[in-house]
Amino acid sequence: MAVSQSSAIELAITLSPFLLLTHRYIPTIEINGKKESRDWGVHRLELPPGTYDVSVSYHTHANSECQKNTVRVDLEPGQTRKITYRAGLLRFHGKMTLS
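This structure is a prediction, so every number in the text was calculated from the model and none was measured.

Colleague: Tell me what's going on with the overall build of the chain, and back it up with residues and numbers.
Modeller: Each helix and strand in the chain was counted, giving 0 helices and 8 strands. Along the chain, helices (α) and strands (β) appear in the sequence β-β-β-β-β-β-β-β when read from the amino end. Residues counted as buried form 37% of the 99 residues belonging to the chain. Within the chain, contacts between residues at least 6 apart in sequence are counted, and of these 57% link residues at least 24 apart. Here the chain has roughly 6,200 Å² of accessible surface; of this, 55% comes from carbon and sulfur atoms.

This is the structure:
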């Protein structure tokens, strides 16, 4: 019998320390169109192998997808990929890095 190997994305959602009031906004993680609210911090997302479009943003009174940014991630069986999202000083796009 074959043992299935789960894959995962380790997603760190951070913000600039200069954004004193932004911590009150709850980030939204979107994976292939499915949205879920999560707190700031590190999240492990167990997913089957495949290709995923991962977006992070947060909702403000003026913008429902403030600082949204997206990366495409390919997950192999048993693989964990790390993504870091950081909300910046300007309200255009957060920075995302994939490793």
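Next comes the rest of the account.
Colleague: Go over the sheet that holds strand 4 (residues 41–47) with me, naming the residues and quoting the values.
Modeller: Strand order across the open sheet formed by 4 strands is 4-1-7-8, with mixed pairing between neighbours. Every interior strand has two partners, whereas the edge strands, strand 4 and strand 8 (95–98), have only one. The average angle at which neighbouring strand axes cross in this sheet is 20°, direction not considered. Pairing between strand 1 (residues 7–15) and strand 4: 7 bridges, direction antiparallel. Within the sheet, the bridge partner assigned to isoleucine 9 lies in strand 4 and is leucine 45.

Colleague: Could you give an account of the pattern of salt bridges, with specific residues and numbers?
Modeller: Enumeration according to the criterion identifies 7 salt bridges in this entry. For lysine 82, the salt bridge is made with glutamate 10, and the minimal N-O distance between the two is 4.0 Å. Linking lysine 82 in strand 7 (residues 80–87) with glutamate 10 in strand 1, this pair joins segments that are 72 residues apart in sequence. Accessibility expressed as a relative area gives 43% for lysine 82, which makes it partly exposed. Between lysine 68 and glutamate 30 there is a salt bridge whose closest N-O contact spans 3.3 Å. With lysine 68 in strand 6 (residues 66–75) and glutamate 30 in strand 2 (residues 27–31), the pair connects residues that are 38 residues apart, well separated along the chain. For lysine 68, a relative accessible area of 23% corresponds to the partly exposed category.

Colleague: Tell me about the nonpolar core, and please be specific about residues and values.
Modeller: Counting 21 residues, the largest nonpolar core has Ile9, Leu11, Val54, Ile83 and Tyr85 as its most contacted members. Those elements giving two or more residues to this core turn out to be strand 1, strand 2, strand 4, strand 5 (50–58), strand 6 and strand 7. With sequence-adjacent residues up to four places away left out, valine 54 is seen in contact with Ile9, Glu30, Ile31, Asn69, Thr70, Val71, Val73, Ile83 and Met96.

Colleague: Provide a residue-level description of the side chain of glutamine 67, including the pertinent values.
Modeller: Residue placement: glutamine 67 occurs in strand 6. A polar atom in the side chain of glutamine 67 sits 3.4 Å from the side chain of tyrosine 58.

Colleague: How would you sum up the packing of aromatic side chains? Please name residues and give values.
Modeller: On inspection of all chains with the given rule, the structure shows 2 aromatic pairs. For the pair tyrosine 25 and tyrosine 58, a centre-to-centre distance of 5.8 Å together with 20° between the ring planes defines the contact as stacked. Here tyrosine 25 is found in the loop between strand 1 and strand 2, whereas its partner tyrosine 58 is found in strand 5, with 33 residues between them in sequence. Tyrosine 58 gets classed as buried once you look at its relative accessible area, which sits at 0%.

Quick notes on the rules
Residues numbered from 1 in each chain as written. Predicted model: local features only at pLDDT ≥ 70, side-chain atom pairs only at ≥ 80, totals over all residues. Heavy atoms only, no water. Helix = DSSP H or I, 4+ residues; strand = E, 2+ residues; numbered from the N terminus. Buried < 20%, exposed > 50% of the residue type's maximum accessible area, 1.4 Å probe, protein only. Contact = heavy atoms within 4.5 Å. Areas by Shrake-Rupley, 256 points an atom, 1.4 Å probe, with all protein chains shown as cover. Pairing = 2+ DSSP bridges. Axes fitted to C-alpha atoms, helices over the stretch in contact; angles between N-to-C directions. Salt bridge = Lys/Arg side-chain N within 4 Å of Asp/Glu carboxyl O. Core = buried A, V, L, I, M, F, W, Y, C linked by side-chain atoms within 4.5 Å. Polar contact = N/O pair within 3.5 Å; in protein donor to acceptor, adjacent residues only side chain to side chain. Phe/Tyr/Trp six-rings, centres within 6.5 Å; stacked < 30°, edge-to-face > 60°.

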